[in-house]
Amino acid sequence: MAKASPRSFQPLSRDFYQRPTLEIALDLLGRYLIVDEGGKPVGGRIVEVEAYIGEDDPACHAHLGRTRRNEVMYGPPGRAYVYFTYGNHWMLNVVTEREGFPAAVLIRALEPSLGQETIRSRRNVKSERDLTNGPGKLTAALGINGHDNGADLRSSRLLITREIEAPKEIGKSGRVGVSAGSDLPWRFFDSASPCVSLYRLGTRASRRTPRTTQNSPVPGVPLKGRTGRGRK
DNA sequence: AGCATGATTTGCT
DNA sequence: GCAAATCATGCTC
């Protein structure tokens, strides 16, 4: 995965994105998310994603219908849905399914493989794994923000490659930060990657040695309450 | 290692 | 106002 120019990377076809969201989520693991920064590729291998599917999904931004904020999700597949949250974080999603049906895959973590000097200059952390192991971290590292909202992943500075280094084992769990007590297991990650996000995984998952073997890193622990600022 | 907090947008109540 | 698909920091044990 050492290529000189972003031009040498092939974008995924439009048909790739016009499929069931869960299928796409799994198929995105191991591919490379790349930002073309004036001819230089900055990005990395996708190792963690979450699916948000339709107005019936209570955790999906579209669950209460179309608004100015979420309208990109209602548009054609293969575009970036980028939104701002928690006061200072941008989240990158890939729009899926047919036009008119709001669904997307949130990119939650990368292995920072390209343009690491640029990434490091934007991230004030020491260890490599902390550079892009969270949805807000990776947008900061890659310089992705609201200007990229609606960008076509086939004809803008943003790209996801056909090239894939598929994970050997895919872990599944409930989605992070989704407050419903019984959330759908729509978070997927490369079990062997050290760069999977560890945010709020409770007391059992150590930040130094992420759970790399089996499925859910949070077995039986409801992902409830306590999102955002700690209340009380 | 665990918990609280500040950053301060968007959209619903 | 409040909660949300969050993160870095700082305090406490």
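See the structure printed just above.
Here the residue index of a chain counts from 1 through its sequence in written order. Just so you know, chain letters begin at A and ligand numbers begin at 1, following the order they were written in. Where totals are concerned, whole chains, interfaces and linings use all residues; where local detail is concerned, this predicted model gives features only for residues with pLDDT of at least 70, and gives and counts side-chain atom pairs only at 80 or more. Side-chain metrics in this entry use all non-hydrogen atoms of the structure; hydrogen atoms and water are not considered.

Within the secondary structure, Glu97 is located in the loop between strand S4 (89-95) and strand S5 (103-114). Exposure categories follow from relative accessible area, calculated using a 1.4 Å probe and restricted to protein chains: below 20% of the type maximum is buried, above 50% is exposed, and the middle band is partly exposed. A positive count includes Lys and Arg, and a negative count includes Asp and Glu. His and the chain ends are not counted in either. Salt bridge, as used here: a side-chain nitrogen of Lys or Arg that lies within 4 Å of a carboxyl oxygen of Asp or Glu. Lacking a salt bridge, the buried Glu97 has Arg98 as its closest oppositely charged neighbour, with an N-O distance of 5.8 Å. For this analysis, a polar contact is any N or O atom pair within 3.5 Å, provided that within protein one partner can donate a hydrogen and the other can accept it, and provided that sequence-adjacent residues contribute only side-chain to side-chain pairs. Of the polar contacts made by the side chain of Glu97, one reaches the side chain of Thr21; its length is 2.6 Å. When checking whether two residues touch, look at their non-hydrogen atoms; a contact exists if any pair is within 4.5 Å. Beyond its immediate chain neighbours, meaning those up to four positions away, Glu97 contacts Tyr17, Gln18, Arg19, Pro20, Thr21, Ile53, Pro77 and Ala103. In this description a helix means any DSSP run of H or I spanning at least four residues, a strand means any run of E spanning at least two, and both kinds are numbered starting from the N terminus.

Mapped onto the elements of the fold, Arg175 is located in the loop between strand S7 (170-173) and strand S8 (187-190). Overall, Arg175 belongs to the buried group, its relative accessible area being 0%. Sequence spacing of Arg175 and Tyr52 is 123 residues, and the spatial spacing of their C-alpha atoms is 9.4 Å. From its side chain, Arg175 meets the backbone oxygen of Ala51 in a polar contact 2.9 Å long. Here Asp57 takes part through its side chain, which lies 2.8 Å from a polar atom of the side chain of Arg175.

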